[in-house]
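# Structural features, examined
Residue strings, one per chain:
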Amino acid sequence: MTNILISGASIAGTTTAYWLRRHGFTVTVVERAPAIREGGYKVDVRGAALQVIERMGLLEAVRARSTDMRVATHYDAQGRPVATLDAALFGGRTGDDLEIMRGDLNELLYDLTRDDVEYLFDDSVTAIAEDGTVTFERSPQRRFDFIVGADGAHSTTRRIAFGEESRFVRDLGYYISICTVPNTLGLDREEAVHASVGRTANVYSTRQDTGAKALFMWSSPPLAYDHRDVAGQKALLTQAMAGAGWEVPELLESVRGAKDFYFDSVSQIHMDHWSKGRVLLVGDAGYCASPASGQGTSLAIVGAYVLAGELATGGGAEGYERELRPFVEANQALGPANVKGMVIDSKAALWIQLKLMRLLPRLPGRDRMIERVTGPIHRAANAISLKNYME
Ligand SMILES: Cc1cc2nc3c(=O)[nH]c(=O)nc-3n(C[C@H](O)[C@H](O)[C@H](O)COP(=O)(O)OP(=O)(O)OC[C@H]3O[C@@H](n4cnc5c(N)ncnc54)[C@H](O)[C@@H]3O)c2cc1C
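To keep things clear, this report deals only with the structure shown in the data block. Owing to the predicted nature of the structure, the values given are computational and were not obtained by experimental measurement.

Moving on, we come to the overall build of the protein chain. Across its full length, the protein chain carries 14 helices and 18 strands. The C-alpha radius of gyration of the protein chain comes to 21 Å, within 12% of the 21 Å expected for a compact globule of 391 residues. Dimensions of the protein chain along its principal axes, counting C-alpha atoms only, are 65 × 45 × 35 Å. Of the roughly 17,400 Å² that the protein chain leaves accessible, carbon and sulfur atoms contribute 50%.

Counting residues in hydrophobic clusters, the biggest one holds 73 residues, and the most contacted among them are L105, V282, V302, V306, Y320 and L324. The contacts of V282, once residues within four sequence positions are left out, are A12, T16, V148, G149, A150, Y287, A300, G303, A304, L307 and Y320. Core analysis: the second largest hydrophobic core is formed by 24 residues, L237, W246, V248 and F263 among them.

The end-to-end C-alpha distance of helix α11 (residues 316–332), which contains 17 residues, comes to 23 Å, matching closely the 24 Å that a straight helix rising 1.5 Å per residue would cover. The sharpest bend along α11 reaches about 45° and sits at L324, with the proline P326 one to four residues further on. Listed in full, the buried residues belonging to α11 are G316, G319, Y320, E321, L324, F327, V328, N331 and Q332.

Looking now at the pattern of salt bridges. Under the criterion given, the structure shown has 25 salt bridges. For the salt bridge of D111 with R114, the shortest nitrogen-to-oxygen distance reads 3.2 Å. Since its relative accessible area comes to 37%, D111 is described here as partly exposed. We classify R114 as partly exposed; its relative accessible area is 43%. Each of K42, D44, R46, R93, D97, E99 and E191 takes part in salt bridges that share partners, so that together they form one network.

Close contacts around the ligand come from 30 residues, with S10, E31, R102, T156 and D284 the closest. Here an oxygen atom of the ligand sits 3.3 Å away from a polar atom, N or O, in the main chain of I11. Between an oxygen atom of the ligand and a side-chain N or O atom of R102, the distance comes to 2.5 Å. Protein contacts shield 92% of the accessible area of the ligand, which totals 1,000 Å² for the unbound molecule. Contributions of two or more residues to the shell around the ligand are made by α1 (11–22), β2 (26–31), β3 (42–45), β12 (169–181) and α10 (296–312). Counting residues per element, the shell around the ligand draws most heavily on β3, which supplies 3 residues.

Cut-offs and rules
- Residues numbered from 1 in each chain as written.
- Predicted model: local features only at pLDDT ≥ 70, side-chain atom pairs only at ≥ 80, totals over all residues.
- Heavy atoms only, no water.
- Helix = DSSP H or I, 4+ residues; strand = E, 2+ residues; numbered from the N terminus.
- Rg over C-alpha atoms; globule rule 2.2 N^0.38 Å.
- Areas by Shrake-Rupley, 256 points an atom, 1.4 Å probe, with all protein chains shown as cover.
- Core = buried A, V, L, I, M, F, W, Y, C linked by side-chain atoms within 4.5 Å.
- Buried < 20%, exposed > 50% of the residue type's maximum accessible area, 1.4 Å probe, protein only.
- Contact = heavy atoms within 4.5 Å.
- Expected span 1.5 Å × (residues − 1).
- Bend = angle between axes of the 7 residues up to and from the residue.
- Salt bridge = Lys/Arg side-chain N within 4 Å of Asp/Glu carboxyl O.
- Near = heavy atom within 4 Å.
- Polar contact = N/O pair within 3.5 Å; in protein donor to acceptor, adjacent residues only side chain to side chain.

Pasting the structure below:
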């Protein structure tokens, strides 16, 4: 019986666990957090990833928990509404594309696997020997046939097997921060946005959420900071947003008390190979596309499906790379392109963007303009023809 260890129990880890089990492997998942991580932010599931979700029998459940966001409104520095867009268009979603809170999706995936997959919470891999013997922080040493790193953009598995993160990171030149704040704007399934040159603040509230999420993005050269120093990171955010209008000062005040503060550079992971010996990488660990791509979750789901399928049908690591790489490249290309539309770098470009948004409903070439935004995302999301590995 082939024994496989997965490091990380988020989207990539739980989806890989599900498909490996369906193919008959014995699966253990080790997760650093004490339990499946709840909450988080909203993520999109599109194209080929929806087919995988359907093959898992989860499509209706994911649809039932989708965010159901209605509109996104841009405000100027004085708080006047400047333009309102349909939320799906704002998020680059078309057709059946879905948006769901990451925690909700993760819970559905975990529930599907918890009965026949061994989960080790509150633990982490510390060493991997060539023969597959894995040393953990807390659990006793064990041997596995394969070790799958699904532990995110800052993957420990990748560091152990492939080397330091800096060798694989491509910094897109922006930072992102997100946390829960009180819903003082009374948002109901809607987003409120204020963009100024080089920085954007966004607050949204979803149907399931009585609170709101505040998300900030700004352009910046690389910042030196300690990953464990949350107060220091909050100070960097406050500095980056200093002098911004609209509700930004009040939001920053709320951020001070936030318990789930997330802060990171907007970066991608690029690697020549996603496997080395017995170790394979899936999701953000191997090919993070950055939050700006809007495709990280879909990449993780499709990557998990292909990885498990290729291992089960004899394609192995080579088959995984061959099948998945063009899809990964198409989706990673969205990151640098999209981020420029999310954080605008000049006054003139900002003026044009807001003007276009305001006039969009009445513009003669409306459909063509919308296609220019959603078309590349839609094409990348469908840039793979999924094999049926269960046949
Ligand atoms: C602010 C933000 C907004 C985003 N918006 C979107 C969006 O709109 N659409 C979209 O598709 N994607 C979006 N993404 C990206 C998306 O969240 C990720 O691409 C996706 O979750 C990838 O999943 P993953 O399982 O590969 O990694 P992650 O979700 O990062 O999960 C890694 C898991 O590994 C665990 N872990 C870490 N280290 C260890 C260790 N040493 N041992 C054991 N476990 C460990 C972590 O606790 C975590 O559970 C966004 C990301 C961010 C940060």
